[in-house]
Amino acid sequence: AYAAQRPAAGRARAAAVPGPRTGEGRRAERVVATGGCFDVLHAGHVDLLRRARALGDRLVVLLNSDASVRALKGSGRPVVAEQDRARVLGALDCVDEVVVFDEDTPVRALEELRPDVWVKGGDYEVEDLPETPVVRRAGGEVVTVPLVPGHSTTGLITRIRGRGRDGVPAR
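Rules used throughout
- Here, residues in each chain are numbered from 1, in the same order as that chain's written sequence.
- With the structure being a predicted model, the display of local features is reserved for residues of pLDDT at least 70 and the display and counting of side-chain atom pairs for 80 or more, all residues being used for whole-chain, interface and lining totals.
- To get the side-chain values, all heavy atoms of the structure are used, and hydrogens and water are removed first.
- Secondary structure counts use DSSP, requiring at least four H or I residues in a row for a helix and at least two E residues in a row for a strand, with both numbered from the N terminus.
- Identification of polar contacts relies on pairs of N or O atoms within 3.5 Å, with a donor-acceptor requirement for protein atoms, meaning one able to donate a hydrogen and the other able to accept it, and with residues adjacent in sequence counted only if both atoms are side-chain atoms.
- Remark: exposure states derive from per-residue accessible area (1.4 Å probe, protein chains only) relative to the maximum for the residue type, with buried under 20%, exposed over 50%, and partly exposed in between.
- The arc under discussion is defined with respect to the helix axis, by the directions toward the C-beta atoms.
- Whether two residues are in contact is decided by their heavy atoms, any of which lying within 4.5 Å being enough.
- Each reported salt bridge corresponds to a side-chain nitrogen of Lys or Arg within 4 Å of a carboxyl oxygen of Asp or Glu.

1. Describing the side chain of Asp39
Within the element layout of this structure, Asp39 appears in the loop between strand 1 (31-36) and helix 1 (43-53). A distance of 2.7 Å separates the side chain of Asp39 from the backbone nitrogen of Val79, its partner in a polar contact.

2. Side note on helix 3 (residues 82-91)
Within helix 3, burial applies to Glu82, Arg85, Ala86, Leu89 and Gly90. Buried residues of helix 3, seen end-on, are gathered within an arc of 125° and therefore sit on one face of the element. Facing away from the buried surface of helix 3 by more than 90 degrees, the exposed residues are Arg87 and Ala91. Taken together, the buried residues of helix 3 touch helix 1, strand 2 (58-64), helix 2 (66-73) and strand 3 (97-101).

3. With respect to the pattern of salt bridges
Following the criterion strictly, the structure yields 8 salt bridges and no others. The partner of Asp96 in a salt bridge is Arg53, and the shortest N-O contact between them spans 3.2 Å. With Asp96 in the loop between helix 3 and strand 3 and Arg53 in helix 1, the pair connects residues that are 43 residues apart, well separated along the chain. We classify Asp96 as partly exposed; its relative accessible area is 24%.

This is the structure we're talking about:
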């Protein structure tokens, strides 16, 4: 499942998505894509990925590169390097391919991939996503799925950093 490669010249390597197109230009196979940093993978991420995969025949994860995560989240992130994040995501049964991209958003990768469905977590508004026009122009749909309460990477990292070496709260 793990097929991520570093993008050349700052561009994402678009996933080569096999499958014949129907007369309307769509694949016979329903391709779903989702994206994000996935820094410190947790149960909320796994739930999102499983829900996304249930919407189609193939799931492609568009993964922010280390540089992209730093630009979005700050100098202390990512906690886990992109190759490790990609390997862990690719090991999940629900993930068919992982594509690493360098930009702040996966718009370029989506232009090449042209998924049937783009999935984001319920903390986003579909109409506010920069990916929405790109996906819709290609005939795809954009959906959000509910978040698992109490599961966030930022919250997890904050809890971890608040502990000392042996799990004792740091002062």
